[in-house]
Amino acid sequence: MGFFDVLLGRSKPVKPDLDRLFALPNAAITLEAAAGFVPTGLGSVCFRAAEGGAFAQIERDVRELLDAGGGPRIETSTDSYGYTWLLVRREPDQLTDLVTDLHAINTSLESAGFGPSLLCSLVGFTGPAGSESAGRSLALVYLYKRGTFYPFAPLPAQKRDSALELQVRAAVGADLPVEEDLSRWFPVWGAPGL
């Protein structure tokens, strides 16, 4: 970082640490104990797809890597903002495998030079049947460019349960690096995996 960067208040971006994704299984145990939410077995990676053969090839390579040996089912979709989502499905009790799959997708894209196109990854949770939170959706979202997580708890009519998000932040803060700047807790309405 140069003198003018300091003078003008620019900061050096945080280098993403994809290995932080591996803290999710421990955070899930804490989340279940504190708020009753359990993994759904769904996770997704969001990125801005690039045009061209190189990007199409890396997407095929990722699918082949994860499909090998009867791996998870992967679905691709594009949201209204033009971002591509890769949804990975596992059994709810296979959270460690799901996190490994999400890490492999992110790492493959990053190592192929598409790191700047990565936006976020998320893992879905739901309230267990018979509880106060039954059927409620929750996601722990990893911001690729910040190297931090935040909770997202959608409600009907594109509203959020801010109280639940703050409760989850307090619960998993010892397990995950939680994004301190609440203005960066972007809503991911309709994200695959929620």
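Read on for a plain summary of the structure. What you are looking at is a predicted structure, and each value in this text was computed from that prediction instead of being measured. (Residues numbered from 1 in each chain as written. Predicted model: local features only at pLDDT ≥ 70, side-chain atom pairs only at ≥ 80, totals over all residues. Heavy atoms only, no water.)

1. Some words on the overall build of the protein
For the protein, the count of helices and strands is 5 helices and 8 strands. Listing each helix as α and each strand as β along the protein from the N terminus yields α-α-β-α-β-β-α-β-β-β-β-β-α. Expressed as a percentage of its 194 residues, the buried residues of the protein come to 42%. Of the contacts formed within the protein by residues at least 6 apart in sequence, a portion of 65% connects residues at least 24 apart. Taken as a whole, the protein presents about 9,900 Å² of accessible surface, with 55% of it coming from carbon and sulfur. (Helix = DSSP H or I, 4+ residues; strand = E, 2+ residues; numbered from the N terminus. Buried < 20%, exposed > 50% of the residue type's maximum accessible area, 1.4 Å probe, protein only. Contact = heavy atoms within 4.5 Å. Areas by Shrake-Rupley, 256 points an atom, 1.4 Å probe, with all protein chains shown as cover.)

2. Here we look at unusual backbone geometry
Unusually for a residue other than glycine, A157 sits at a positive phi of about 60 degrees. Relative to the elements of secondary structure, A157 occurs in the loop between β7 (154-155) and β8 (159-160). Taking relative accessible area as the criterion, A157 reaches 66% and is therefore assigned exposed. With a phi angle near 50 degrees, Q158 is a residue other than glycine that sits in the positive phi range. Within the secondary structure, Q158 is located in the loop between β7 and β8.

3. A word on the side chain of H103
By the element assignment, H103 lies in helix α4 (residues 95-114). With near-sequence residues (within four places) excluded, H103 lies in contact with L18, D19, L21 and F22.

4. Thoughts on the environment of S108
Structurally, S108 can be placed in helix α4. Once residues lying within four places of it in the same chain are set aside, the contact partners of S108 are I58, V62 and L65.

5. Considering the pairing of strand β6 (residues 148-152)
If a strand is regular, its side chains alternate between the two faces of the sheet. Among the 5 residues of β6, 5 are classified as buried, and the element is accordingly described as predominantly covered. The alternating pattern of β6 places T148, Y150 and F152 and F149 and P151 on opposite faces, both of which are buried. Relative to β6, strand β5 (residues 137-143) runs antiparallel, the two being bridged by 5 bridges. Opposite A139, over in β6, you have F152 as the bridge partner. Here β5 folds back onto β6 in antiparallel fashion, the turn holding 4 residues, of which G147 has a positive phi close to 70 degrees. (Pairing = 2+ DSSP bridges.)

6. A look at the packing of helix α2 (residues 24-35) against α4
When two helices pack together, their arrangement is given by the angle between the helix axes and by the axis-to-axis distance. Two elements in contact, α2 and α4, have axes whose closest approach is 9 Å; the angle formed by their N-to-C orientations is 140 degrees. With respect to their mutual orientation, α2 and α4 come out oblique. Crossing angle aside, the handedness with which α2 passes α4 is right-handed. Here L24, P25 and A28 of α2 come into contact with α4, specifically with L95, T96 and V99. (Axes fitted to C-alpha atoms, helices over the stretch in contact; angles between N-to-C directions. Parallel < 35°, antiparallel > 145°, perpendicular 65-115°, else oblique. Left-handed = near helix turned anticlockwise from the far one by under 90°.)

7. Section: the environment of G41
Mapped onto the elements, G41 comes out in strand β1 (residues 38-47). In the structure, G41 is positioned 48 residues away from R89 in sequence and 5.8 Å away in space, judged by C-alpha atoms. Those residues within four positions of G41 in sequence are excluded, and the remaining contacts are V88, R89, R90, E91, P92 and L98.

8. Section: the packing of aromatic side chains
The full count for this structure, using the stated rule, is 3 aromatic pairs. On the numbers, 6.0 Å between centres and 20 degrees between planes, the contact of Y150 with W185 is stacked. One end of the pair, Y150, is in strand β6; the other, W185, is in the segment after α5 (162-172), and 35 residues separate them in sequence. Overall, the relative accessible area of 1% leaves Y150 in the buried class. (Phe/Tyr/Trp six-rings, centres within 6.5 Å; stacked < 30°, edge-to-face > 60°.)

9. Remarks on the state of the cysteines
In this structure the tally under the stated criterion is 0 disulfides. Free of any disulfide, C46 has its nearest cysteine sulfur in C120, 4.7 Å distant. Classification of C46 as buried rests on a relative accessible area of 1%. (Disulfide = S-S within 2.5 Å.)

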